[in-house]
Amino acid sequence: MTFFEWVQGQIQEARSYERRSLLLTSMDELEKASISCAQCGGTCCTFVANSMQVTPLEALEVWAQLNDLSILEKLENCVRFYRLDYEIGTGKTNMRKTYTCPFFLKQNLGCPFPFEYKPYGCLAFNPVEVDSFQKENCCSNLTLLEKREGQFKEFENEMNDRLRQMLGLSWEKKDLPRALIDVYNCFKRLAL
Ligand code: SF4
Ligand code: SF4
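Described below are features of the structure shown in this document. Bear in mind the structure is a predicted one, so any value in this text is a computation, not a measurement. (Residues numbered from 1 in each chain as written. Chains lettered and ligands numbered in written order. Predicted model: local features only at pLDDT ≥ 70, side-chain atom pairs only at ≥ 80, totals over all residues. Heavy atoms only, no water.)

1. A word on the environment of Asp28
The test is simple: Each helix corresponds to a stretch of at least 4 residues labelled H or I by DSSP, and each strand to a stretch of at least 2 residues labelled E; elements are numbered beginning at the N terminus. Remark: exposure states derive from per-residue accessible area (1.4 Å probe, protein chains only) relative to the maximum for the residue type, with buried under 20%, exposed over 50%, and partly exposed in between.
Looking at the secondary structure, you find Asp28 in helix 2 (residues 16–32). For Asp28, a relative accessible area of 46% corresponds to the partly exposed category. Asp28 sits 155 residues away from Val183 along the chain, and the two C-alpha atoms are 32 Å apart.

Written as structure tokens, this is what we have:
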């Protein structure tokens, strides 16, 4: 089995769309009420608002969408530029840092990934009214995120534990660039 086939198998087993359906339904409802991102340049994908972190499963789902490993250089540049590998914290918790997503196409609706593979945090961050992008009051729907998490907690915990064990990852959540670099290095080390 090739590395790519292995990743695809894991993703298929993890039912990506189903685990996002609550968030996607909510986005559809907003869209029907003309509350959408259609007029915005995508501020929430930039360092202005983006501090998104992913689990191993979410990282793998994004990884499976990449067909060009030259993205690695972009990921490393992003980590260096935003100093994502330099942890600032109180000793108990580490502060989340903001960064411009290395995949952001710097244009309206500028995410290259299909909705069913986007990180949950990206899907849950939406406008709350028609002119949210002007008022800068878009926000993350934490209630929905928690509800979604509750629906799939057992399955995702098991899946993430399995991936952590198989890939030798030590973290629960990490910013997307470093998570993907870790996944890449694990695959390289394991020669998958
Ligand atoms: S959520 Fe808000 S900031 Fe992000 S793209 Fe949509 S309108 Fe723009
Ligand atoms: S994964 Fe897509 S939606 Fe999420 S921050 Fe990156 S470009 Fe934006």
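2. Quick word on the site of ligand 2
What counts is decided by this rule: Near, as used in this document, describes a residue that has one of its heavy atoms within 4 Å of the molecule or strand being considered. Ten residue types, Ala, Val, Leu, Ile, Met, Phe, Trp, Tyr, Cys and Pro, are classed as nonpolar, four, Asp, Glu, Lys and Arg, as charged, and the remainder, Gly among them, as polar.
The full set of residues close to ligand 2 is Cys45, Cys101, Phe104, Cys111, Phe113 and Cys122. Of the residues belonging to the shell around ligand 2, the class tally is 6 nonpolar, no polar and no charged.

3. Details of the pattern of salt bridges
What counts is decided by this rule: We count a salt bridge whenever a side-chain nitrogen from Lys or Arg sits within 4 Å of a carboxyl oxygen from Asp or Glu.
Applying the stated criterion across every chain, the model contains 12 salt bridges. The shortest N-O distance in the salt bridge between Asp131 and Lys135 comes to 3.6 Å. Asp131 gets classed as partly exposed once you look at its relative accessible area, which sits at 26%. For Lys135, a relative accessible area of 47% translates into the label partly exposed. Here the residues in one salt-bridge network are Arg19, Arg20, Glu61, Arg148 and Glu156, joined through shared partners.

4. Overview of the side chain of Arg178
What counts here: Polar contacts, as counted here, are pairs of nitrogen or oxygen atoms within 3.5 Å of one another; within protein the pair requires one atom able to donate a hydrogen and one able to accept it, and residues that are adjacent in sequence qualify only if both atoms are side-chain atoms. Residues count as neighbours in contact if any of their non-hydrogen atoms are within 4.5 Å of one another.
In this fold, Arg178 is placed in helix 8 (residues 176–190). Engagement of the side chain of Arg178 in a polar contact is seen with the side chain of Asp175, the distance being 2.7 Å. If near-sequence neighbours (up to four positions away) are discounted, Arg178 is found in contact with Val79, Leu84, Asp85 and Glu87.

5. So, the nonpolar core
As a reminder of what qualifies: Here, the term nonpolar core denotes a set of buried Ala, Val, Leu, Ile, Met, Phe, Trp, Tyr and Cys residues that are joined through side-chain atoms within 4.5 Å.
Val7, Leu60, Trp63, Phe103, Leu176, Leu180 and Phe187 are the most contacted members of the largest nonpolar core, which has 38 residues in total. When residues of this core are traced back to their parent elements, those giving at least two are helix 1 (3–13), helix 3 (56–63), helix 4 (71–81), helix 7 (142–167) and helix 8. When neighbours within four sequence positions are excluded, Phe103 is seen to be in contact with Val62, Leu66, Ile71, Leu75, Gly110, Pro112, Phe113, Leu176 and Leu180. Grouped together as the second largest cluster of nonpolar side chains are 9 residues, Leu24, Leu123, Ala124 and Leu145 included.

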